[in-house]
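# Commentary on secondary and tertiary structure
Read off the chains here:
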Amino acid sequence: QVQLVESGGGSVQPGGSLRLSCVATGNIISINDMVWYRQTPEKQRELVASISSGGYTHVAESVTGRFTISRENAKFTVYLQMNSLKSADTAVYYCNAKGVVAHPSSGDYWGQGTQVTVSS
């Protein structure tokens, strides 16, 4: 089985920081892209940041300069460092692993989501 386990969410004041982690476990050979999304009941799901197996990154315009995505391939782990948090960043953050090569099943996998709340 392949599972994605997220951690690091919580509640912070505006201007604060959080670091989200997502660890993929199982009989994994490789993962192509690792992606962070976020969603609220009022908004459509939004792509926050992505990173390829080669380390190429993309960060959404809304978080550029504040969020940084990174990964450790040997541990199948992706991080999202979030600085200068705003109330608009409040959402459930989901980790997504695309193009997972694993035994006995390969495919795309999602984490359970972790809540990030930014308020004063």
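Look above for the structure.
Overview of the structure. (Residues numbered from 1 in each chain as written. Predicted model: local features only at pLDDT ≥ 70, side-chain atom pairs only at ≥ 80, totals over all residues. Heavy atoms only, no water.)

This part is about the packing of aromatic side chains. A complete count under the given rule lists two aromatic pairs for this structure. For the pair Tyr37 and Trp110, a centre-to-centre distance of 5.2 Å together with 40° between the ring planes defines the contact as tilted. Residue Tyr37 is located in strand 4 (residues 28–39), and its partner Trp110 is located in strand 10 (residues 107–110); the two are separated by 73 residues in the primary sequence. With relative accessibility at 37%, the residue Trp110 sits in the partly exposed group. (Phe/Tyr/Trp six-rings, centres within 6.5 Å; stacked < 30°, edge-to-face > 60°. Helix = DSSP H or I, 4+ residues; strand = E, 2+ residues; numbered from the N terminus. Buried < 20%, exposed > 50% of the residue type's maximum accessible area, 1.4 Å probe, protein only.)

Remember that side chains alternate between the two faces of the sheet whenever the strand is regular. As paired strands, strand 9 (residues 91–102) and strand 10 are joined by three bridges and run antiparallel to one another. Residue pairing in the sheet places Val100 in a bridge with Gly107 of strand 10. Turn length for the strand 9-strand 10 hairpin, with the two strands adjacent in sequence and antiparallel, is four residues. (Pairing = 2+ DSSP bridges.)

Within the open sheet, the four strands sit side by side as 1-3-8-7. Their pairing is antiparallel. The sheet terminates laterally at strand 1 (3–7) and strand 7 (67–72), the two strands that pair on one side only. Strand-to-strand twist of the sheet, defined as the mean angle between neighbouring strand axes without regard to direction, takes the value 15°. Note: strand 7 against strand 8 (residues 77–82), six bridges, orientation antiparallel. Bridged to Thr68 within strand 8 is Gln81. (Axes fitted to C-alpha atoms, helices over the stretch in contact; angles between N-to-C directions.)

We now examine the environment of Tyr37. The exposure class assigned to Tyr37 is buried, which follows from its relative accessible area of 13%. Those residues in contact with Tyr37 that sit more than four places away from it in its chain are Arg45, Glu46, Leu47, Val48, Val92, Tyr93, Tyr94, Asn96, Lys98 and Trp110. (Contact = heavy atoms within 4.5 Å.)

For the rest of this paragraph, the subject is the state of the cysteines. Within the structure shown, the criterion is met by one disulfide. Across the disulfide, Cys22 is cross-linked to Cys95 (sulfur-sulfur distance 2.2 Å). Around the S-S axis, the bridge from Cys22 to Cys95 shows a dihedral of about -85° and counts as left-handed. Residue Cys22 is located in strand 3 (residues 18–25), and its partner Cys95 is located in strand 9; the two are separated by 73 residues in the primary sequence. For the pair Cys22 and Cys95, one class covers both residues: buried. (Disulfide = S-S within 2.5 Å.)

A few words now on the pattern of salt bridges. For the structure on display, the rule yields four salt bridges. Here Arg38 makes a salt bridge to Asp89, at a shortest N to O gap of 2.9 Å. Here Asp89 lies in the loop between strand 8 and strand 9 and Arg38 lies in strand 4, a separation of 51 residues in the sequence. In terms of burial, Arg38 and Asp89 fall into one category: buried. With a closest N to O distance of 2.7 Å, Arg66 and Asp89 form a salt bridge. Separated by 23 residues along the polypeptide, Arg66 in the loop between strand 6 (57–59) and strand 7 and Asp89 in the loop between strand 8 and strand 9 bring together distant segments of the chain. Asp89 sits in the buried class, given a relative accessible area of 1%. Taken together, the salt bridges that share partners define one network made up of Arg38, Glu46, Arg66 and Asp89. (Salt bridge = Lys/Arg side-chain N within 4 Å of Asp/Glu carboxyl O.)

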